[in-house]
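Here are the chains, one letter per residue:
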Amino acid sequence: MTQQPPLAPQPEDRRGVGGGGLGASATVKLGRFSQRNFVALILVYIGVAFVFAALFARSLYLTSLDDQAAWLERLVKSQAKMIAAVAAFDAQYSPADRPDGAIGTTTAQLLNAYREFSGFGESGEFVIGQRRGDLIVFLDVAPPRQRETPRPLPIYGDKAEPLQYALIGQSGTLIGRDYRGIEVLAAYEPLPQLGIGIVAKIDLAEIRAPFITLALLNTAAALAILSVGGWLTYRLSAPLFSKLERRVRDLQQHNSDLQRQLLKLEILSKTNAGAIKRLSHDIDIKNRFFLIIAHDLRSPFNALLGMTEVMAQQTGKLSANKLSEYAGDVHNSARRVFQLLENLLAWSRLQMGEVQMKPSLVSLKKTARTSIDILTPVAREKNITLRNLVKDETLFANPSIVETVLRNLISNAIKFSPPGGKIEISAQESGATTEVMVSDKGVGMDAEATEKGFALGQVTTTMGTAGETGTGLGLPLCQDLLEKNQGRIWVETAPGKGSRFHFELPRNDHANHKG
């Protein structure tokens, strides 16, 4: 065939309607599943059965359509052969005085014969037509299902498709529209010796009807069977659903209990983590404290003991210059011990919470001058100049804390500056804070040394340019003190290019409260 016939509208696929199940949610109740979802499941089964019934009916329909097309083709070919034989006979034996000759005789006999034809099926017909110019002229339709012969139609119109093919000399089968415009299954054959075409056709609706009925009957049977089976299954499984529902409730309650216990464990874990962190910090502080005492106090005391022992044993033998040199060394060692003890005292009081902030307005220029006066004798030993470039800038902080930070930073700059160097203390106000800078042209630090310098848990004491030793506590102490006063500290430095330490604190009481 040259065209496949369309099927009846396909049934709606209802698979998945009302889907869901026991695993869809931990809170879905089995009671509702056993009612709404069970019905949905039955509907899915019905939909599947409907689809399979439709597919089965379609398969049968296509098979029947092929058989019907083959039968129509045999029928129209046999009719064409019979008509051709009659035409050959009439051409030899028909009266010579007939106006339209032998062809007219054959055509007349053919039309008379088909008027007695009862047809096949409810819509089966033979259609005989002739081409005249651009029109199809219908000679006969058998059996006659209407009072008049159909009116002529255009040869290339959208009706009488089978007859169009026959009149252009083709034969075969197709699904197309007949002279009424109705879709039919047709076989067509040309009769060139008579100048006509013959078509045997039957309406597609007649072919489809029994298969549509079959699909509906199959669906109805499946619906009845599934409904009864589903109802019986539901009734028999209701006790199981009830038991499962109770089990799910028990599991949900158990899960809720586990969630509460897990929440308590999380809270306890966070609490313990905080306590462990604080304890670890306290242990680090304690270890650092004892490390400093063992490392930094022991060396200057050993020097003091050694030099005083020499002075005591060699008093009469030492020259005045040598005695003065030893006295200077003793003084330097005592000064380092004093500085260390002073920082240790401030740091320990800070860690124990004994330092009271009590901020007040601080004249930065005066505080810088006090620190410079204290450290000028130390700077003079290395011929280092201390320059106070602070103007009228102020801070709102604890005065002793500002002085401690400045003293440590200036002392650090002296330690790492070369002889004849210069150290500058400057400041600038920026918005709600005042920034203080202590700059030197000393040895500087790399990134690793900078990070270790502010770390509490590592010994970072480095020898100065004149062999000075340090406590390793100065920068961590400054950082802690400033953070307690809502300030911060940082450094710009590079090896061989010196260092510039910055720290900032609130300018006034308003800025302090705002921070």
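Reading guide: rules and limits
Here the residue numbers are simple positions, counted from 1 along each chain's written sequence. Side-chain atom pairs in this predicted model are given and counted only at pLDDT of 80 or more, local residue features only at pLDDT of at least 70, and totals for whole chains, interfaces and linings cover all residues. The basis for every side-chain value is the complete set of non-hydrogen atoms in the structure, without hydrogens or water. What counts as a helix is a DSSP run of H or I of at least four residues, what counts as a strand is a run of E of at least two, and both are numbered from the N terminus. For each residue, the accessible area found with a 1.4 Å probe, counting protein chains only, is set against the maximum for its type, and the residue is called buried under 20%, exposed over 50%, and partly exposed in between. The contact criterion used throughout is that any non-hydrogen atoms of two residues lie within 4.5 Å. Residue exposure ignores everything except the shown protein chains as possible cover, and the areas themselves are Shrake-Rupley values with a 1.4 Å probe. Two strands form a pair only when DSSP identifies at least two bridges running between them. Lines fitted to C-alpha atoms define the axes here, with helix axes fitted over just the stretch in contact, and angles between the N-to-C directions of these axes take values from 0 to 180 degrees. An angle below 35 degrees is treated as roughly parallel, one above 145 as roughly antiparallel, one from 65 to 115 as roughly perpendicular, and anything else as oblique. Here a crossing is taken to be left-handed if its near helix is turned anticlockwise relative to the far helix by less than a right angle, and right-handed if that turn runs clockwise. Three categories are distinguished: nonpolar for Ala, Val, Leu, Ile, Met, Phe, Trp, Tyr, Cys and Pro, charged for Asp, Glu, Lys and Arg, and polar for the others, with Gly belonging to the last. Given a helix with a known number of residues, its expected span is that number minus one, times 1.5 Å. Here the nonpolar core consists of buried residues drawn from Ala, Val, Leu, Ile, Met, Phe, Trp, Tyr and Cys, with membership extended through side-chain atoms lying within 4.5 Å. Patch membership requires more than 30% relative accessible area and the absence of a salt bridge. Residues of like charge join within 9 Å; the nonpolar side chains Val, Leu, Ile, Met, Phe, Trp and Tyr join within 5 Å. Any Lys or Arg side-chain nitrogen found within 4 Å of a carboxyl oxygen on Asp or Glu counts as a salt bridge.

Draft legend 1. A look at the overall build of the chain. Looking only at helices and strands, the chain features ten helices and 13 strands. The proportion of buried residues among the 515 residues of the chain is 39%. In the chain, once contacts between residues fewer than 6 apart in sequence are set aside, the share between residues at least 24 apart is 65%. Carbon and sulfur atoms make up 56% of the accessible area of the chain, which totals about 29600 Å².

Draft legend 2. Here's a closer look at the sheet that holds strand 5 (residues 183-191). An order of 3-2-1-6-5-4 is seen for the six strands of this open sheet, with the pairing classed as antiparallel. A strand with exactly one partner marks an edge of an open sheet, and here the two such strands are strand 3 (153-154) and strand 4 (172-177). Examined bridge by bridge, strand 4 and strand 5 share six bridges and lie antiparallel to one another. Each residue of the ladder has a partner; that of Gly176, found in strand 5, is Val184.

Draft legend 3. Molecular detail of the side chain of Arg407. The topology assignment puts Arg407 in helix 7 (residues 399-415). Sequence-distant contacts of Arg407, defined by excluding residues within four places in its chain, comprise Glu342, Ser371, Ile374 and Leu375.

Draft legend 4. Quick peek at the sheet that holds strand 10 (residues 422-430). The five strands lie next to each other as 8-10-11-13-12, forming an open sheet whose pairing is mixed. A single partner strand is all that each edge strand has here, and the edge strands are strand 8 (385-388) and strand 12 (488-493). In this sheet, adjacent strand axes meet at a mean angle of 15° when their direction is disregarded. The sheet contact formed by strand 12 and strand 13 (residues 499-506) spans six bridges and is antiparallel. Across the sheet, the residue bridging to Thr493 is Ser499, located in strand 13.

Draft legend 5. Representation of the packing of helix 6 (residues 364-381) against helix 7. Packing of helix 6 against helix 7 leaves a shortest axis separation of 9 Å and a crossing angle of 40°. Overall, the two elements helix 6 and helix 7 adopt an arrangement that is oblique. In the packing of helix 6 onto helix 7, the handedness of the crossing is right-handed. Touching Leu364, Thr367, Ala368, Thr370, Ser371, Ile372, Ile374, Leu375, Val378 and Ala379 of helix 6 are Val402, Glu403, Leu406, Arg407, Ile410, Ser411 and Ile414, all from helix 7. Looking at the contact of helix 6 with helix 7 residue by residue, the class counts come to eleven nonpolar, four polar and two charged.

Draft legend 6. Here's a closer look at helix 7. For helix 7, built from 17 residues, the straight-helix expectation of 24 Å at 1.5 Å per residue is met to within 8% by its first-to-last C-alpha distance of 24 Å. Among the 17 residues of helix 7, 13 are classified as buried, and the element is accordingly described as predominantly covered.

Draft legend 7. Local environment of the nonpolar core. Judged by nonpolar contacts, the single largest core of 37 residues is most densely connected at Leu406, Leu409, Ile414 and Phe503. Every element with two or more residues in this core is listed here: helix 6, strand 9 (394-397), helix 7, strand 10, strand 11 (433-440), helix 9 (474-484), strand 12 and strand 13. The leading source of residues in this core is helix 7, at eight residues. One finds Ala80, Ile83, Phe120 and Phe211 within the second-largest nonpolar core, a separate group that totals 25 residues.

Draft legend 8. Region of the structure containing unusual backbone geometry. Backbone geometry at Asn383 places phi at a positive 55°, although glycine is not the residue there. Within the secondary structure, Asn383 is located in the loop between helix 6 and strand 8. A relative accessible area of 58% means that Asn383 is categorised as exposed. Positive phi values are uncommon outside glycine, yet Gln486 reaches one of about 60°. For Gln486, the position within the fold is in the loop between helix 9 and strand 12. On the accessibility criterion, Gln486 (44% relative accessible area) is partly exposed.

Draft legend 9. Focus on a nonpolar patch on the surface. A contiguous nonpolar surface patch, about 330 Å² in accessible area, is contributed by Tyr156, Tyr165 and Ile168. Secondary-structure assignment places Tyr165 in helix 3 (residues 161-167).

Draft legend 10. Molecular detail of the environment of Arg335. Along the chain, Arg335 turns up in helix 5 (residues 320-351). Classification of Arg335 as partly exposed rests on a relative accessible area of 25%. Taking the C-alpha atoms as reference points, Arg335 and Val378, 43 residues apart in sequence, are found 9.7 Å from one another. Not counting chain neighbours up to four residues away, the residues in contact with Arg335 comprise Val378 and Glu381.

Limitation: the analysis is restricted to geometry and does not speak to function.
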